[in-house]
Every structure is written in structure tokens, then in C-alpha cells.
Amino acid sequence: NAGVMQNPRHLVRRRGQEARLRCSPMKGHSHVYWYRQLPEEGLKFMVYLQKENIIDESGMPKERFSAEFPKEGPSILRIQQVVRGDSAAYFCASSDRTGTSSQPQHFGDGTRLSIL
Amino acid sequence: DAKTTQPTSMDCAEGRAANLPCNHSTISGNEYVYWYRQIHSQGPQYIIHGLKNNETNEMASLIITEDRKSSTLILPHATLRDTAVYYCIIRVNNQGGKLIFGQGTELSVKP
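The present account deals with the structure reproduced in this document. As the structure is a prediction and not an experimental result, all values here were calculated from the model. (Residues numbered from 1 in each chain as written. Chains lettered and ligands numbered in written order. Predicted model: local features only at pLDDT ≥ 70, side-chain atom pairs only at ≥ 80, totals over all residues. Heavy atoms only, no water.)

### Topic: the interface of chain A and chain B
Okay, so step 1: Counting residues at the interface gives 22 residues for chain A, matched by 21 residues for chain B.
Okay, so step 2: Of the roughly 1,700 Å² buried where chain A meets chain B, counting both sides, 50% is carbon and sulfur surface.
Okay, so step 3: In this assembly, chain A and chain B are joined by one salt bridge.
Okay, so step 4: Between B:Lys98 and A:Asp56 there is a salt bridge; the shortest N-O distance is 4.0 Å.
Okay, so step 5: One can count seven residue pairs in polar contact (both at pLDDT 80 or more) joining chain A with chain B. (Contact = heavy atoms within 4.5 Å. Buried area = accessible area lost by both parts, 1.4 Å probe. Salt bridge = Lys/Arg side-chain N within 4 Å of Asp/Glu carboxyl O. Polar contact = N/O pair within 3.5 Å; in protein donor to acceptor, adjacent residues only side chain to side chain.)

Shown next, in the form of C-alpha cells:
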């Protein structure tokens, strides 16, 4: 069974460019979560999505950040006009169809975003 | 959201049991206790979770006190590969439940 797949593993962008991070959940999972880990800090929740719906975006910065999880294809975390402070590891997690607190989230190995 | 308190760091000898404590005195009755670990530069790895009863799987055991205000993760025979940061998390019980990570316990397994 393939786990949560994230790509690219490493992404380098210049200030002002756009970054697109992709996440394919585990097979059979329809709930996706994005987390961010700044250097030397803990993981922070960003957004929770189900297919075609954003359920909780309370951790998303108000500007430049967006996320989607279309009916077909991976979930995408998009960062527009990147700044140096966006440099971080971005982790995606998925859980199965029920998405309740009794179902564990399984994480990918993350995308390391570096802004020049 | 229920807060957790964990020691910042712990050492354990290889082959011995590692007992990682966690306090969560404000936990609500229907909130789960989850444990994850993060080995340097990798994604968090799910270990185990429980509600009221003690739980055991191939990785670890979880002991939850009767009042649910604290728990202990037990790695029965620690190896060097168990060196990691261990997070005790109380799962928010609404709409799928985001994970709120604290600082965790940095466990060092030594030969």
C-alpha cells in the first residue's frame, strides 16, 4: 500500500514566484490535512479538506495561501508571491472516509520549500 | 482545546523500555489521546491512540489513567532507531479533528 505521497520533495523559488505543493492521499482516504513546520519550530495545522470542500481553514494565512482537493487528482497547496518567511517544511496527512477523531492521520514525508 | 505537558527530553538505554509521560488534565470525555513521533527531517509517524482503555500494537503500548488526566507511552525494547521527538496530542473532536502539536519529548536512545 502506498502511503501519502508528496511532491516535489524539495522546491526552490525566488521571492515573488508561485509555489505549488501536491499531495496524493493514501488509497481510500478522502480527508486531507496540511501542516507547516517552520525551521526549529513545531508543526502547525493549516487546512483540512474533503473532496471538493474546505472543512477547516483556521490555520491558513489570510493572504497568498490557498488549498484545494478536487474530485479527481491530488490536493494542491498553492502559495502566491512567495516571501522568505514561507521557507518551511509542508506536510500533508490523510485519513479515511469517516474523518473522525477515532481515525488516525497518516503523514507524507513533506515538501521542503526554500525561498531565495 | 486540551493542552498537553511533556518533558522536554529523556534518555533511554538501548534494549530497555522507554516510558514517555504526558499530562492532559483538561481533556474532555470524548477526546482521544494520540501519539506520533518525528524522526529528523521525516514526516510525523502515527504510533498509537486511545480513548479510555489501555491499547497495544506492534509499536508500543498506551496506558491511560482512570481519570484520563495523564497517559504513558511505552516502547518495550527501545532501539537506536527510536530516537525521535514524541508528541502526545489530544485530538479535537469536531469535523474530523485537526492535530495540535506541542513541543514534544526528544527521546535519545543510547547504546
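### Some remarks on the sheet that holds strand E5 (residues 55-56) of chain B
In a beta sheet, neighbouring strands are held together by backbone hydrogen bonds and run either parallel or antiparallel to one another.
All names here are of chain B.
Okay, so step 1: Pairing is antiparallel across the open sheet formed by four strands, whose spatial order is E2-E7-E6-E5. Of all the strands in the sheet, just strand E2 (18-23) and E5 have a single pairing partner and so form its edges.
Okay, so step 2: As paired strands, E5 and strand E6 (residues 61-64) are joined by two bridges and run antiparallel to one another. Opposite Thr 56, over in E6, you have Ser 61 as the bridge partner. (Pairing = 2+ DSSP bridges. Helix = DSSP H or I, 4+ residues; strand = E, 2+ residues; numbered from the N terminus.)

### Overview of the pairing of strand E4 (residues 31-37) of chain A
Residues and elements named next belong to chain A.
Okay, so step 1: E4 sits mainly inside the fold: seven of its seven residues count as buried.
Okay, so step 2: Side chains of E4 alternate between two faces, with His 31, Tyr 33, Tyr 35 and Gln 37 and Val 32, Trp 34 and Arg 36 buried alike.
Okay, so step 3: Where E4 and strand E5 (residues 43-50) come together, seven bridges link them in antiparallel fashion. When the bridges of E5 are listed, Arg 36 appears paired with Lys 44.
Okay, so step 4: Between E4 and E5, which pair antiparallel one after the other, the connecting turn spans five residues, and Glu 40 there sits at a positive phi close to 65 degrees.
Okay, so step 5: Bridge count between E4 and strand E9 (residues 88-95): seven bridges; the pairing is antiparallel. When the sheet's bridge partners are listed, Arg 36 is paired in E9 with Tyr 90. (Buried < 20%, exposed > 50% of the residue type's maximum accessible area, 1.4 Å probe, protein only.)

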